[in-house]
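Spelled out, the chains give:
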Amino acid sequence: MSAPVFKAGYLPGLNHADVAWHRLSLGTADAPWQVDVPQLSTVQMTALAQRVQQASRTHLKTMPVSDIVRVLDRTTARLLDPHDVYRQQLERLLPQATGFDAEMVRLNLHAYLQTFRGLQLQRFVAEDFANPKVLDEFQPRTQGGWTRALGPELLVHVWAGNVPALPMWSFVSGLLVKAGSMGKVASAEPVFATLFARLLAEVEPRWADCFAVVWWPSGEAHERTAFALADVVLAYGGNAALQAMQAHVPVTTRFLPHGHKLSFGMVSAAALSVRKGPGVARQAALDVVRYDQQGCYSPHVFYVQRGAPVSPQDFAQHLAQELAGLQHKLPRRVLSLEEAAQVGAWREAHEFASLHDDSTQLSGTGHSTSTVVYSDRHQPLTAGPLNRNVWVVAVDTLDEVLPLIAPQRDDLQTVGLAAAPEELLHLGECLGQAGVTRICALGAMTSPEAGWHHDGRFSLLDLVRMVDIEASTEREAERFTSYEV
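These notes cover the structure that comes with them. (Residues numbered from 1 in each chain as written. Predicted model: local features only at pLDDT ≥ 70, side-chain atom pairs only at ≥ 80, totals over all residues. Heavy atoms only, no water.)

One open sheet holds the three strands; their spatial order is S4-S5-S18, and the pairing between them is antiparallel. The strands lining the two open edges of the sheet, one partner per strand, are strand S4 (139-140) and strand S18 (465-469). Strand direction decides the pairing type here: strand S5 (residues 146-150) and S18, joined by five bridges, are antiparallel. Across the sheet, the residue bridging to Trp146 is Ile469, located in S18. (Pairing = 2+ DSSP bridges. Helix = DSSP H or I, 4+ residues; strand = E, 2+ residues; numbered from the N terminus.)

For any two helices packed against each other, one specifies the inter-axial angle together with the distance between the axes. Following both chains from N to C, one finds helix H10 (residues 277-289) and helix H11 (residues 312-329) inclined at 50 degrees, their axes separated by 8 Å at the closest point. Relative to H11, H10 is oriented oblique. Crossing geometry of H10 relative to H11 is assigned as right-handed. Residues Pro278, Val280, Ala281, Arg282, Ala284, Ala285, Leu286, Val288 and Val289 of H10 touch H11, and the partners they reach there are Phe315, His318, Leu319, Glu322, Leu323 and Leu326. Residue composition of the contact of H10 with H11, grouped by class: 12 nonpolar, one polar and two charged. (Axes fitted to C-alpha atoms, helices over the stretch in contact; angles between N-to-C directions. Parallel < 35°, antiparallel > 145°, perpendicular 65-115°, else oblique. Left-handed = near helix turned anticlockwise from the far one by under 90°. Contact = heavy atoms within 4.5 Å. Nonpolar A, V, L, I, M, F, W, Y, C, P; charged D, E, K, R; others polar.)

To continue, consider the packing of aromatic side chains. Counted under the stated rule, the structure contains 15 aromatic pairs. With a centroid separation of 5.9 Å and 20 degrees between ring planes, the pair formed by Trp159 and Phe171 is classed as stacked. With Trp159 in the loop between strand S6 (154-158) and helix H6 (167-176) and Phe171 in helix H6, the pair connects residues that are 12 residues apart, well separated along the chain. The residues Trp159 and Phe171 share a single accessibility class, namely buried. Positioned above the aromatic ring of Trp21 is the side chain of Lys7, whose terminal nitrogen or guanidinium carbon lies 4.0 Å from the ring centre. (Phe/Tyr/Trp six-rings, centres within 6.5 Å; stacked < 30°, edge-to-face > 60°. Buried < 20%, exposed > 50% of the residue type's maximum accessible area, 1.4 Å probe, protein only. Lys NZ or Arg CZ within 6 Å of the ring centre and 35° of its normal.)

In the sheet, strand S2 (residues 20-27) pairs with strand S3 (residues 32-39) via eight bridges, with the strands oriented antiparallel. Each residue of the ladder has a partner; that of Gly27, found in S3, is Pro32. Hairpin connection between S2 and S3: a loop of four residues separates the two successive antiparallel strands.

Once that is clear, we can look at the side chain of Asp462. With respect to the helices and strands, the residue Asp462 is situated in the loop between strand S17 (438-441) and S18. Engagement of the side chain of Asp462 in a polar contact is seen with the side chain of Arg457, the distance being 3.0 Å. With residues near it in sequence (within four places) discarded, Asp462 still touches Arg254, Leu256 and Arg457. (Polar contact = N/O pair within 3.5 Å; in protein donor to acceptor, adjacent residues only side chain to side chain.)

Right, here's the structure in full:
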């Protein structure tokens with residue numbers, strides 16, 4: 001018996017019978033899964049956007065941000081409840097849509113959702129706004145006058161589908177700045193945003209028309225229509241796709257792209273004692289395994305310092321063992337033919353190199369689900385084939401890493417770092433100057449903290465426009481009071 005077709009999207013005010021639906025085939029050959037996504041006409045898209053704008057003016061923009069945080073907290077609490085029907089749907093449908101192991105989805109979803117509890121969201125707002133009330137009303141400026149932060153009337157999101165539940169970051173960001181939102185789901189993962197929108201409307205019925213979840217084929221006229229209606233477009237995807245999108249964005253519309261990024265790990269000799277080294281390798285392995293390196297924050301290379309009881313080569317062996325062990329607990333998803341070919345070609349190239357170069361060694365080849373390539377020589381940072389295939393490169397000092405990452409300056413994002421306290425600020429300064437925007441502990445690369453500066457930018461400030469009442473206006477206003485003599 002075939003599984004029921006999942007109907008994606010959230011379309012307030014539109015009759016589903018009046019909407020054209022496009023069927024997507026997801027899943028694997030052994031477990032196919034079908035999804036219907038809405039293909040709106042230009043008239044329907046425009047009407048939907050106008051409805052969202054009007055509802056957000058009435059219900060979102062008049063609500064204190066502290067109340068918005070409370071609604072989001074209640075919503076997240078339900079998604080964290082294993083007995084809640086929405087949580088159960090996510091645990092069932094996300095593995096079907098993405099191919100990721102169900103236990104991996106369950107564990108990562110739980111950790112990810114905790115970032116959106118009320119206390120974390122308050123920190124999220126405070127990170128960008130020293131006085132969060134500036135989102136509610138004019139607040140005094142220290143130099144005189146008053147200021148107010150206004151979210152967009154319509155924020156259009158274009159979501160990527162490489163990592164499950166990715167839309168929650170921008171969806172929540174839009175709500176925190178009181179923006180009406182219309183989000184385009186990725187064909188590869190149309191589940192989370194759909195269910196999140198439905199749950200939000202259930203938790204806070206006044207928000208039912210304040211957002212929409214849609215779909216359109218890339219580059220179609222619908223994209224131009226949506227972008228023309230938007231005040232801000234927040235988009236995730238490959239660089240080529242983002243460049244094509246930007247050509248469709250009016251010059252008066254703010255475009256915030258998040259494209260291709262590279263991340264890597266660094267391990268100091270201070271972290272490689274006989275007692276600590278294997279645990280560091282275990283944390284590095286978790287960063288590789290989580291969602292099979294599909295996120296921009298997943299590592300491609302680990303640069304490991306020589307001179308410790310656990311050598312870089314030992315570290316590579318520990319890492320390979322940890323990856324093999326995690327395959328039993330969190331198995332890698334089934335690769336597409338294209339992905340399998342890329343992994344195979346990458347392995348074969350390094351196997352051939354190892355036959356002619358004693359400084360290169362491999363662990364995990366053939367039918368293994370992961371490969372660690374160890375190099376005793378400097379290797380520049382490059383993107384690997386993902387899917388649990390990674391380099392370990394030996395260096396004498398961590399400062400030697402800087403010229404190896406320099407060619408990728410524009411694409412750098414996260415560094416997972418294991419180092420002593422006295423090394424942190426020096427390395428942080430060097431990495432920041434090199435183009436890195438986020439430094440975290442190994443084991444935390446795939447779990448950004450609330451309020452992180454995605455690609456070095458502000459998550460909330462970038463969405464708003466500031467309105468200032470200058471001090472001169474206030475001074476002059478005194479001349480026109482009823483008590484002025």
